[in-house]
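Coordinate analysis (summary)
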Amino acid sequence: MAARKEWTEWHLTPRGWEKGATRVQGQGNTWVEEPLDRLLSYVYQELETGDPPQVKKWSEETWHSKKEDEVKAALAKSGPCPERLA
């Protein structure tokens, strides 16, 4: 069985979490510009391998604003990075 690796970028803005670029198996990458007012960026990933299939899921921070007070306020309002592809 071929591995499935899909991911979605999530950007925290003062408005909340916004979906960014994605990779969908069989469809390739869809690139989206990062919001100019982003405070944090994460990439959420899913890797499916094996027989029977096992799915590993994780998030990684990829960018962090130096405006720490705004980051904390936005996280308090919107919560942590979404753990989903769409």
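Let us look at the structure shown here. Think of each chain on its own: its residues are numbered from 1, step by step along the sequence as written. For this predicted model, a pLDDT threshold of at least 70 governs which residues receive local features, and a threshold of 80 or more governs which side-chain atom pairs are given and counted, while totals over whole chains, interfaces and linings are taken from all residues. Calculated side-chain values reflect all of the structure's heavy atoms, with hydrogen atoms and water omitted.

1. Describing the side chain of threonine 22
- Every helix listed is a DSSP run of H or I at least four residues long, and every strand listed is a run of E at least two residues long, numbered separately from the N terminus. Assignment of secondary structure puts threonine 22 in strand S2 (residues 16–24).
- A simple rule labels every residue: compare its accessible area, found with a 1.4 Å probe on the protein chains alone, to the largest value its type can have, and call it buried under 20%, exposed over 50%, or partly exposed in between. Residue threonine 22 is classed as buried on the basis of its relative accessible area of 9%.
- Among all residues touching threonine 22, those that are not within four sequence positions of it are Trp7, Thr8, Gly28, Asn29 and Thr30. The contact rule is simple, with two residues in contact once any of their heavy atoms fall within 4.5 Å.

2. Concerning the nonpolar core
- Formed by Trp10, Leu12, Trp17, Leu39, Leu40, Tyr44, Val71, Ala74 and Cys81, the largest nonpolar core amounts to 9 residues.
- Contacts of valine 71, omitting those with residues within four sequence positions, involve Leu12, Leu39, Leu40, His64 and Ser65. Only buried residues count toward a nonpolar core. Its members are Ala, Val, Leu, Ile, Met, Phe, Trp, Tyr and Cys residues joined through side-chain atoms within 4.5 Å.

3. So, the pattern of salt bridges
- We count a salt bridge whenever a side-chain nitrogen from Lys or Arg sits within 4 Å of a carboxyl oxygen from Asp or Glu. Using the criterion set out here, one finds 5 salt bridges in the structure.
- Shared partners join several salt bridges into a network, and the residues in it are Arg4, Glu6, Glu46 and Glu48.

4. Considering the sheet that holds strand S1 (residues 4–13)
- At least two bridges found by DSSP between two strands is the condition for calling them paired. Taken in spatial order, the 5 strands of this open sheet run S3-S2-S1-S4-S5, and their pairing is antiparallel. Whereas interior strands pair on both sides, the edge strands pair on one side only; in this sheet they are strand S3 (28–30) and strand S5 (54–64). For this sheet, the mean angle separating the axes of adjacent strands, direction not counted, is 20°.
- Each axis is a line fitted through C-alpha atoms, taken for helices only over the stretch in contact, and angles between the N-to-C directions span 0 to 180 degrees. Sheet strands touched by helix H1 (residues 68–78): S1, S2, strand S4 (40–49) and S5. Its angle to S1, the strand with the most contacts, is close to 115°.

5. Let's talk about the pairing of S4
- Of all 10 residues in S4, 7 are buried, a share of seventy percent or more.
- The pairing of S1 with S4 spans 9 bridges and is antiparallel. Looking at S4, one finds that leucine 12 is bridged to leucine 40.
- Across 10 bridges, S4 lies against S5 in antiparallel orientation. Along S5, the bridge assignment pairs glutamate 48 with valine 55.
- Between the end of S4 and the start of S5, which pair antiparallel, lie 4 residues, with glycine 50 showing a positive phi angle near 90°.

6. Brief notes about the environment of lysine 67
- By secondary structure assignment, the location of lysine 67 is in the loop between S5 and H1.
- Relative accessible area serves as the criterion here: at 48%, lysine 67 is assigned to the partly exposed category.
- Considered as a pair, lysine 67 and proline 82 are 15 residues apart in the sequence and their alpha carbons are 21 Å apart.

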